[in-house]
Amino acid sequence: MNDRKNEIIMATLELAAENGLGTVSMQQIASKVGITKASLYNHFSSRDEIVEEMYVVLRDMSKRKAAVGGIDYDKLGTEVTLKDILMGAVSSYRSMVNDPDMFLFYKVIMSERTINNVAAEIMVKETETMINATKSLFYALEVKGKAHFEDPDAAAFSFAMAVHAILDYESDIKFAGQKSKPKMLMSYIDEFCRVYGKHSS
């Protein structure tokens, strides 16, 4: 992606964070970037297109910053525990979504998802990406003897959604200026391992 498109994306994010995505116009974006509205349309056809591209760009950038890569399934058969595997996966995801730009983006999108279908589509896509990654991990955990699931898909869905909800709750606590609850996620993972890791080797 060229520098101008990145500049447009970041300008849109800043405007949306200040006043809400619904108030941001193409003219405001062009003015913030210092280009004409016509020039802006040479790069993006609409504000929604900017937002969709923003998600792709920011997610990729935050993954690289957090060094989030694919899971090395060969290492799942070693002495590493089920808890360590799950904590590692969750920590990587948390690092990605807590990247300052990505965190700001999610703050904007989550506030808009009930009134903006593009925002809702982005949240659905992100949730489905998380669920599918968890399914792949859980099938590997079953094969490697680290855990036993009667229904791996259902277990992956419940785990992904619970982690998603806990991370959302942590964000709400942060925005409310309240004291964080650091053991909340760890306690959930401990209980999950107790239930599903009982047959693991």
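As a reminder, the structure under discussion sits directly above these lines.
It should be emphasised that the depicted structure is a prediction, and the values quoted were computed from it without experimental measurement.

Caption draft 1: Here's a closer look at the overall build of the chain. A count of helices and strands for the chain gives nine helices and zero strands. N-terminal to C-terminal, the α/β element order of the chain is α-α-α-α-α-α-α-α-α. Counting only C-alpha atoms, the chain reaches 65 × 35 × 25 Å along its principal axes. Expressed as a percentage of contacts within the chain between residues at least 6 apart in sequence, the contacts between residues at least 24 apart total 70%.

Caption draft 2: Geometry of the pattern of salt bridges. For the structure on display, the rule yields eight salt bridges. Between Glu-7 and Arg-4 there is a salt bridge, with its nearest N and O atoms 2.9 Å apart. One end of the pair is Glu-7 and the other is Arg-4, both in helix α1 (residues 3-19) and three residues apart, which spans about a single turn. The class of Arg-4 is partly exposed, set by a relative accessible area of 32%. The shortest N-O distance in the salt bridge between Arg-64 and Asp-60 comes to 3.2 Å. With Arg-64 and Asp-60 both in helix α4 (residues 47-65) and four residues apart, the pair spans about one turn of that helix. Given a relative accessible area of 57%, Arg-64 falls into the exposed group.

Caption draft 3: Here's a closer look at helix α6 (residues 100-112). Taking 1.5 Å per residue, 13 residues should reach 18 Å; α6 reaches 19 Å between its end C-alpha atoms and fits that length. Those residues of α6 not exposed but buried are Met-102, Phe-103, Phe-105, Tyr-106, Val-108, Ile-109 and Glu-112. Of the surrounding elements, those touching the buried residues of α6 are α1, α4, α5 (82-97), α7 (117-143) and α8 (152-175).

Caption draft 4: Broad picture of helix α2 (residues 26-33). When we look at burial in α2, the residues that qualify are Met-26, Ile-29, Ala-30 and Val-33. Viewed end-on, α2 has its buried residues packed into an arc of 95°, placing them on one side of the element. Looking at the packing, one finds that the buried side of α2 touches α1, α3 (37-43) and α4. Of the residues one or two after α2, Gly-34 is the one with positive phi, at around 90°.

Caption draft 5: Inspection of the environment of Asp-190 at higher detail. With respect to the secondary-structure elements, Asp-190 resides in helix α9 (residues 184-196). For Asp-190, a relative accessible area of 34% puts it in the partly exposed group. As for Asp-190 and Met-87, which are separated by 103 residues in sequence, their C-alpha atoms are 9.7 Å apart.

Caption draft 6: Main features of the packing of aromatic side chains. In this structure the tally under the stated criterion is 11 aromatic pairs. Their ring planes at 0° and their centres at 4.7 Å tell us that Phe-138 and Phe-149 sit as a pair that is stacked. Taken as a pair, Phe-138 in helix α7 and Phe-149 in the loop between α7 and α8 lie far apart in primary sequence, 11 residues in all. Of the two residues, Phe-138 and Phe-149, neither departs from the other in class, the shared state being buried. A ring pair is formed by Phe-138 and Phe-192, whose centres lie 5.6 Å apart and whose planes are at 45°; its orientation type is tilted. Separated by 54 residues along the polypeptide, Phe-138 in helix α7 and Phe-192 in helix α9 bring together distant segments of the chain.

Caption draft 7: Structural context of the nonpolar core. Among the nonpolar cores identified, the biggest contains 57 residues, and Ile-29, Ile-50, Leu-86, Phe-105, Phe-138 and Leu-141 are the most heavily contacted of them. Mapped by element, the contributors of at least two residues to this core are α1, α2, α4, α5, α6, α7, α8 and α9. The biggest single contributor to this core is α7, with 10 residues. Setting aside its immediate chain neighbours within four residues, Ile-50 contacts Ile-8, Ile-9, Thr-12, Met-26, Ile-29, Leu-40 and Phe-44.

Caption draft 8: A look at the packing of α7 against α8. One way to put it is that α7 packs onto α8 with a least axis distance of 8 Å and a crossing angle of 130°. One element, α7, and the other, α8, form an angle in the oblique class. For the element pair α7 and α8, the recorded crossing hand is right-handed. Residue-level contacts link Met-123, Thr-127, Met-130, Ile-131, Thr-134, Lys-135, Phe-138 and Tyr-139 of α7 to Pro-152, Asp-153, Ala-155, Ala-156, Phe-157, Phe-159, Ala-160, Met-161, Val-163 and His-164 of α8. Its residues assigned to classes, the contact of α7 with α8 comprises 13 nonpolar, three polar and two charged.

Definitions and limits used
- Residues numbered from 1 in each chain as written.
- Predicted model: local features only at pLDDT ≥ 70, side-chain atom pairs only at ≥ 80, totals over all residues.
- Heavy atoms only, no water.
- Helix = DSSP H or I, 4+ residues; strand = E, 2+ residues; numbered from the N terminus.
- Contact = heavy atoms within 4.5 Å.
- Salt bridge = Lys/Arg side-chain N within 4 Å of Asp/Glu carboxyl O.
- Buried < 20%, exposed > 50% of the residue type's maximum accessible area, 1.4 Å probe, protein only.
- Expected span 1.5 Å × (residues − 1).
- Arc of directions from axis to C-beta.
- Phe/Tyr/Trp six-rings, centres within 6.5 Å; stacked < 30°, edge-to-face > 60°.
- Core = buried A, V, L, I, M, F, W, Y, C linked by side-chain atoms within 4.5 Å.
- Axes fitted to C-alpha atoms, helices over the stretch in contact; angles between N-to-C directions.
- Parallel < 35°, antiparallel > 145°, perpendicular 65-115°, else oblique.
- Left-handed = near helix turned anticlockwise from the far one by under 90°.
- Nonpolar A, V, L, I, M, F, W, Y, C, P; charged D, E, K, R; others polar.

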